[in-house]
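Survey of secondary and tertiary structure
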Amino acid sequence: MFSVTCVAPVNIALIKYWGKRHEELILPVNDSISMTLSTDELCAKTTVTASESFERNRMWLNGEEVPFEEGSRLQRCLKEVHRLAVASGSQKVPPTWKLHIASVNNFPTAAGLASSAAGYACLVYSLSRLYDIPLSEELTTVARQGSGSACRSLYGGFVQWHRGALDDGSDSVARQIAASDHWPNMHVLILVVNDARKKTASTRGMQQAVKTSQLIKHRVDQVVPDRITRLREAIASHDFQAFAEITMKDSNQFHAVALDTYPPCVYMNDVSHRIVSFVHDYNDRMGSYHAAYTFDAGPNACLYVLAEHVPHLLSAIQKVFPNDLADGDTYLRGLPIPKEQDAECSKLDSLDVHAKNAFRYIIHTKVGEGPRELSADNSLLINGLPLE
């Protein structure tokens, strides 16, 4: 019996991936860029155990057994990892041995917080460690076939997923733009508005957008290529002003595409739009970009902010969006936040309250590293079965 346990991070797109040119291989219609978040606050954790005695492949997600069906994305990832293991000459674990897999997320699944990306990245990375396959661009093509954005979660820092041009998808790979220590004071406040499963799944939303949206064609051909170039330059030069503007504009256009889809896909809600208004008002009062919002396919906001501005931004958020839970132990999660200085607080006096009790909780995290293997005592399986 062989077993490995790994964790993999969430990544949040700055330039959004939305729409596929090949459904089965999950090939995107445009390049995308993301920032990987620290696994200390948000991660997927997976244990893979292989044994000659196992009769069939089995998997548990967050404690519930899920089908391990032939032809599924899960099966496709396993098949591709086996192919890489044979090609690399790995003989540690015979490919005929069946697997038991257990995976958990420490954040809501399917709520627009990139849970599938972290989950499939963790699965593929764990399988690569089990079969002694090194991390490579080719491995990112395997993760991509589980969940497109998963390929970006195989690296830390800032990552670009290249659209590619080949029909077989071999050039649609993820590459790291900059490591996490390139811009270490880049932090994120995640405002969790709703952690329920979203109404329109991303896969369905993308399919409808490609079929019906006129705006997506303009976005792919005319907008994204230039934004990719300018965002890479902003990251390289630590230019938060350019970073913020590009990030917010791309989030807005992504949701415009969702609304241009027929029937429309509505992922943001009233609170989401109030957050957008607040961020623009806040930046105007500060005299420059101090915060940048982005929304994936859900109502929850990710606010990018430099570490030195986190306390002031949080004070503004708590003034505009007061919450009865703010003094509780579970409302502010993640990295500790220093108390704001009184001199800075005075700049918030004229801010108006937008909504009370609008958030379920807030997560404070930062740019982080890619997946890593854990010690054996972190296993989610004992003798091939989930922990009780």
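Please refer to the structure higher up on the page.
The following paragraphs examine the structure supplied in this document. (Residues numbered from 1 in each chain as written. Predicted model: local features only at pLDDT ≥ 70, side-chain atom pairs only at ≥ 80, totals over all residues. Heavy atoms only, no water.)

Moving on to the packing of aromatic side chains. For the structure shown, the criterion picks out 12 aromatic pairs. For the pair W18 and Y267, a centre-to-centre distance of 5.8 Å together with 85° between the ring planes defines the contact as edge-to-face. One end of the pair, W18, is in the loop between β2 (11-15) and β3 (20-22); the other, Y267, is in the loop between α6 (240-260) and α7 (270-286), with 249 residues separating them in the sequence. There is no split in this pair, since W18 and Y267 are both buried. Taken together, a centroid distance of 6.0 Å and an interplanar angle of 55° make the contact between Y293 and F295 tilted. Taking the relative accessible area as the measure of exposure, F295 reaches 0% and is therefore buried. In this structure an aromatic cluster arises from ring pairing among F158, W183, F240, F243 and Y304. Just above the ring of Y361 sits the side chain of R333; from NZ or CZ to the centre is 3.6 Å. (Phe/Tyr/Trp six-rings, centres within 6.5 Å; stacked < 30°, edge-to-face > 60°. Helix = DSSP H or I, 4+ residues; strand = E, 2+ residues; numbered from the N terminus. Buried < 20%, exposed > 50% of the residue type's maximum accessible area, 1.4 Å probe, protein only. Lys NZ or Arg CZ within 6 Å of the ring centre and 35° of its normal.)

Here we come to the packing of helix α5 (residues 215-236) against α6. Between α5 and α6, whose axes approach to 10 Å, the crossing angle comes to 160°. With respect to α6, the element α5 is oriented roughly antiparallel. The crossing of α5 and α6 is left-handed. Residues L215, I216, R219, V223, R227, R230, L231, A234 and I235 of α5 form the contact with α6, whose participating residues are A242, F243, I246, T247, K249, D250, Q253, A256, V257 and D260. Its residues placed into classes, the contact of α5 with α6 shows 11 nonpolar, 2 polar and 6 charged. (Axes fitted to C-alpha atoms, helices over the stretch in contact; angles between N-to-C directions. Parallel < 35°, antiparallel > 145°, perpendicular 65-115°, else oblique. Left-handed = near helix turned anticlockwise from the far one by under 90°. Contact = heavy atoms within 4.5 Å. Nonpolar A, V, L, I, M, F, W, Y, C, P; charged D, E, K, R; others polar.)

Bringing the pairing of strand β1 (residues 2-9) into the picture now. β1 sits mainly inside the fold: 6 of its 8 residues count as buried. Sheet topology note: the β1/strand β6 (residues 43-51) ladder contains 8 bridges and is antiparallel. Paired with S3 across the two strands is T49, which belongs to β6. Taken together, the 3 bridges between β1 and strand β17 (residues 372-374) define a ladder with antiparallel strand orientation. Directly across from V7, in β17, lies its bridge partner R372. (Pairing = 2+ DSSP bridges.)

The next subject is the environment of L42. Structurally, the position occupied by L42 is in the loop between β5 (32-36) and β6. Separated by 248 residues in the primary sequence, L42 and H290 have C-alpha atoms spaced 23 Å apart. Non-local contacts of L42, meaning those with residues more than four positions away in its chain, are made with P9, V10, L37, N106, F107, I190 and I363.

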